[in-house]
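Okay, here's what each chain looks like letter by letter:
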Amino acid sequence: MTEKPFSVFGPDFTFAYDDWLTNPAGLGQIPAERHGSRVAVIGAGIAGIVAGYELMRLGLRPILFESGELGGRLRSQPFEGTDGIVAELGGMRFPRSSRAFYHYVDMLGLESAPFPNPLTPAAGSTVIDLEGETHYAETLEDLPPLFREVAHAYDAALEEGARFSDLKAAIRDRDADRVKEIWNPIVRDWDERTFYDFVASSDAFQALSFRHREVFGQVGFGTGGWDSDFPNSMLEILRVNATECDEDQHLIVGGVEQVPQGLWRRAPDDAVYWPTGTTLAGLNGGAPRPGVRRIFRADDDRLTVTDRWGRTESFDAVIATCQSWLLTTAIETEERLISQKTWMAMDRTRYMQSSKTFVMVDRPFWKDKDPETGRDLMSMTLTDRLSRGTYLFDNGPGKPGVICLSYSWMSDALKMMPQPVERRVELTLSALEKIYPGLDIRVHIIGDPISVSWEADENFLGAFKGALPGHYRYNHRMFGHFHQDGMPPEQRGLFLAGDGISWTPAWVEGAVQTALNAVWGVTAHLGGHSPAANPGPGDAYPWHGPITLGE
């Protein structure tokens with residue numbers, strides 16, 4: 001028997017989405033009289049595109065609305081005049097455990113490559129610069145003992161506080177009962193405690209100094225520093241660690257925006273009802289509708305949507321994939337469509353800030369060797385300076401390189417928000433010049449820089465959710481919203497999706513999984529069902545869903 005790849009299987013909802021997607025029995029059947037039914041999908045990010053694509057395959061007519069850019073936070077902005085040389089402004093590294101997401105990557109024939117994270121072969125070399133002291137390394141063993149002590153202490157803390165090896169083994173085996181046996185007590189113990197509390201109170205870190213905890217916050221291990229997440233609920237971090245979202249990360253060659261763009265234009269071979277060659281783009285007249293300004297239930301009891309220019313249309317169901325705050329700040333949403341407890345959860349959701357600044361350079365000059373030291377001229381860099389994380393992208397022989405000069409979160413991102421892009425470049429170059437004295441990065445820059453602050457974008461108001469202690473119940477309400485059997489009639493038919501309502505915010509897999517939940521929800525709402533040979537997430541939810549904490 002072939003061992004299945006490690007996947008984001010739970011730990012809150014132990015359902016194998018990749019198995020559901022690839023089962024030859026299909027995702028479901030819609031009654032023939034409901035074929036062609038119109039479903040509004042608000043938001044054309046990856047959640048909206050996946051939901052629309054799968055609804056189309058089932059024989060429904062998804063109508064997408066988008067107030068910004070198709071692709072959402074999978075935004076690959078090309079540098080002017082280039083082909084496939086991009087700045088990944090949103091998601092840029094995708095763990096191989098994101099099996100549902102990679103189902104679509106593979107379907108589209110896209111290529112991935114290891115992401116140049118710190119201390120990985122893809123990075124080549126890493127420089128860690130803290131408090132003015134610089135360390136060059138190609139592996140963890142090249143760093144001073146303090147860094148290895150920090151890495152080993154976190155491993156020990158995970159074992160002590162979360163039975164980490166047992167939990168990961170159960171996830172790897174897709175043993176739903178075993179996962180829940182281990183995970184549910186952790187939820188009770190850690191929902192109201194922070195990531196920092198977990199680290200600082202562990203026996204492993206108690207035996208070390210404050211300096212060790214500080215270094216862990218500044219540098220971390222795997223994807224980089226963790227201090228921006230210190231105030232978050234520890235459950236959020238444990239999910240990332242246990243499902244390997246911080247390991248074996250890849251980039252999508254040529255830009256991840258090819259995934260939503262590809263699904264938008266792809267004609268499935270097995271679509272029901274629609275003629276061969278039908279695409280999402282074709283069903284939508286070539287482009288999404290403009291942004292939504294109002295959602296309400298009309299006198300005939302149908303869900304009704306009004307767009308930015310005043311066009312009002314009724315639908316058989318609605319999927320809202322937009323950031324949850326937009327349903328109160330940008331979209332006039334009739335209050336009775338959603339329960340007050342779910343409104344509370346959506347409004348209390350806390351979003352994190354994130355900023356990136358990119359430049360294109362004439363070539364990957366950082367691979368040149370310093371004649372005195374034999375080391376790379378420049379490396380993937382983690383620092384406590386303003387730039388925080390600097391990533392280097394080699395696009396292949398004869399092609400320009402790309403440098404993400406700065407990738408920062410929370411307070412570090414807020415320092416950048418009011419700055420114009422040229423000033424951001426100057427600030428980060430100034431920080432890097434202190435780490436690499438004598439290296440002139442400026443002479444290699446070509447074209448115009450590209451930058452983003454997601455919290456300043458009116459369509460997002462932040463980069464991704466960062467659950468605070470005590471938010472488990474809120475997340476449970478939002479994630480489970482697709483299972484509407486027990487809801488009053490006026491609340492049925494509107495479904496929530498997107499990584500912001502998932503258990504794994506900031507990771508594309510959460511957006512894909514919640515989109516698939518919504519597809520199941522719409523199917524059930526319209527009288528359809530998943531086949532007995534391939535039960536869907538709603539079928540499994542009563543048995544394998546998240547533990548309920550008392551109110």
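Rules and cut-offs
- Residues numbered from 1 in each chain as written.
- Predicted model: local features only at pLDDT ≥ 70, side-chain atom pairs only at ≥ 80, totals over all residues.
- Heavy atoms only, no water.
- Helix = DSSP H or I, 4+ residues; strand = E, 2+ residues; numbered from the N terminus.
- Rg over C-alpha atoms; globule rule 2.2 N^0.38 Å.
- Buried < 20%, exposed > 50% of the residue type's maximum accessible area, 1.4 Å probe, protein only.
- Contact = heavy atoms within 4.5 Å.
- Areas by Shrake-Rupley, 256 points an atom, 1.4 Å probe, with all protein chains shown as cover.
- Lys, Arg positive; Asp, Glu negative; His and termini not counted.
- Charge placed at Lys NZ, Arg CZ, Asp CG, Glu CD.
- Pairing = 2+ DSSP bridges.
- Axes fitted to C-alpha atoms, helices over the stretch in contact; angles between N-to-C directions.
- Disulfide = S-S within 2.5 Å.
- Parallel < 35°, antiparallel > 145°, perpendicular 65-115°, else oblique.
- Left-handed = near helix turned anticlockwise from the far one by under 90°.
- Nonpolar A, V, L, I, M, F, W, Y, C, P; charged D, E, K, R; others polar.
- Phe/Tyr/Trp six-rings, centres within 6.5 Å; stacked < 30°, edge-to-face > 60°.
- Lys NZ or Arg CZ within 6 Å of the ring centre and 35° of its normal.
- Polar contact = N/O pair within 3.5 Å; in protein donor to acceptor, adjacent residues only side chain to side chain.

A closer look at the overall build of the chain
Logical step 1: Tallying secondary structure elements over the chain gives 19 helices and 22 strands in all.
Logical step 2: Taken against the 2.2 N^0.38 rule, which gives 24 Å for 551 residues, the C-alpha radius of gyration of the chain at 23 Å falls within 12% of a compact globule.
Logical step 3: Along the longest, intermediate and shortest principal axes, the C-alpha atoms of the chain span 75 × 55 × 50 Å.
Logical step 4: Looking at the chain as a whole, 61% of its 551 residues are labelled buried.
Logical step 5: Here the analysis covers contacts within the chain between residues at least 6 apart in sequence; of these, 72% occur between residues at least 24 apart.
Logical step 6: In the structure as shown, the chain presents an accessible area of about 21300 Å², 49% of it carried by carbon and sulfur atoms.
Logical step 7: The average position of the 52 basic charges and that of the 76 acidic charges among the side chains of the chain differ by 4 Å.

Examining the environment of Ala518
Logical step 1: With respect to the helices, strands and loops of the structure, Ala518 is situated in helix H18 (residues 508–525).
Logical step 2: Put simply, Ala518 and Leu386 are 132 residues apart on the chain and 40 Å apart in space, counted from C-alpha to C-alpha.

Considering the sheet that holds strand S1 (residues 38–42)
Logical step 1: Spatial strand order, S2-S1-S13-S22: four strands in an open sheet with parallel pairing. Since the sheet does not close on itself, it has two edges, and those belong to strand S2 (61–65) and strand S22 (494–496), each with one partner. When strand polarity is set aside, the average angle formed by the axes of neighbouring strands in this sheet is 20 degrees.
Logical step 2: Across three bridges, strand S13 (residues 317–320) lies against S22 in parallel orientation. Counted as the bridge partner of Ala320 is Leu496 from S22.

Regarding the sheet that holds strand S5 (residues 94–95)
Where strands meet in a sheet, backbone hydrogen bonds hold them as pairs that are either parallel or antiparallel.
Logical step 1: In space, the three strands of this open sheet follow the order S5-S9-S6, with antiparallel pairing throughout. The open sheet terminates on both sides in strands that have one partner only, identified here as S5 and strand S6 (112–114).
Logical step 2: Bridge analysis of S5 against strand S9 (residues 249–252) gives two bridges, and the strand direction is antiparallel. Bridge pairing in S9 links Phe94 to His250.

Quick word on the state of the cysteines
Logical step 1: Inspection of every chain in the model, using the stated rule, returns zero disulfides.
Logical step 2: Lacking any disulfide linkage, Cys404 is separated from the closest cysteine sulfur, that of Cys245, by 20 Å.

Comments concerning the packing of helix H2 (residues 46–57) against helix H11 (residues 258–265)
Logical step 1: Two elements in contact, H2 and H11, have axes separated by 10 Å at closest approach and are oriented at 25 degrees. Our classification of the angle between H2 and H11 gives roughly parallel. The chirality of how H2 crosses H11 is left-handed. The segment H2 lies against H11, with Ile46, Ile49, Val50 and Tyr53 engaging Val259, Pro260, Leu263 and Trp264.
Logical step 2: Tallied by class, residues from the contact of H2 with H11 come to eight nonpolar, no polar and no charged.

Some words on the packing of aromatic side chains
Each pair of aromatic rings is reported with the distance of its centres and the angle of its planes.
Logical step 1: With the rule as written, the count across this model stands at 33 aromatic pairs.
Logical step 2: Relative to Phe216, the ring of Phe205 has its centre 5.8 Å away and its plane inclined at 55 degrees; by these criteria the two rings are tilted. You can see Phe205 sitting in helix H8 (residues 203–206) and its partner Phe216 sitting in helix H9 (residues 210–218), a full 11 residues away along the chain. This pair shows no difference in class: Phe205 is buried, exactly as Phe216 is.
Logical step 3: Ring geometry for Phe482 against Tyr541: centres 5.3 Å apart, planes inclined by 75 degrees, an arrangement best described as edge-to-face. Of this pair, Phe482 sits in the loop between helix H17 (472–479) and S22 while Tyr541 sits in helix H19 (residues 537–544), placing them 59 residues apart in sequence. The burial state of Phe482 is the same as that of Tyr541; both residues are buried.
Logical step 4: Each residue in the set Phe13, Phe15, Tyr17, Trp20, Tyr472, Phe479, Phe482, Trp503, Trp520 and Tyr541 is aromatic and connected to the rest through ring pairs, giving one cluster.
Logical step 5: Its end group placed over the ring of Phe296, Arg294 keeps NZ or CZ at 3.8 Å from the ring centre.
Logical step 6: The ring of Tyr407 carries the charged tip of Lys356 above its face, separated from the ring centre by 4.7 Å.

Let's talk about the environment of Gly59
Logical step 1: Among the secondary structure elements, Gly59 is positioned in the loop between H2 and S2.
Logical step 2: With 355 residues separating them along the chain, Gly59 and Leu414 place their C-alpha atoms 45 Å apart.

Notes on the side chain of Ser530
Logical step 1: Mapped onto the fold, Ser530 is located in the loop between H18 and H19.
Logical step 2: Classification of Ser530 as buried rests on a relative accessible area of 10%.
Logical step 3: A distance of 2.8 Å separates a polar atom in the side chain of Ser530 from the backbone oxygen of Leu27.
Logical step 4: With residues up to four places along the chain from it excluded, the contact list for Ser530 reads Trp20, Leu27, Gly28, Trp520, Pro535, Gly536 and Asp539.

As for the packing of H18 against H19
Logical step 1: Interhelical geometry of H18 versus H19 gives an angle of 105 degrees and a closest axis separation of 9 Å. Between H18 and H19, the crossing angle belongs to the class labelled roughly perpendicular. Residues Leu516, Asn517 and Trp520 of H18 form the contact with H19, whose own contacting residues are Pro537, Gly538 and Asp539.
Logical step 2: For the contact of H18 with H19, the residue count by class is three nonpolar, two polar and one charged.

A few points about the side chain of Thr126
Logical step 1: As for its placement among the helices and strands, Thr126 is situated in strand S7 (residues 126–130).
Logical step 2: A polar contact is formed between the side chain of Thr126 and the backbone nitrogen of Leu119, at a distance of 2.7 Å.
Logical step 3: Ignoring sequence-local partners within four residues, the contact set of Thr126 consists of Pro118, Leu119, His135, Tyr136, Ala137, Ser379 and Met380.

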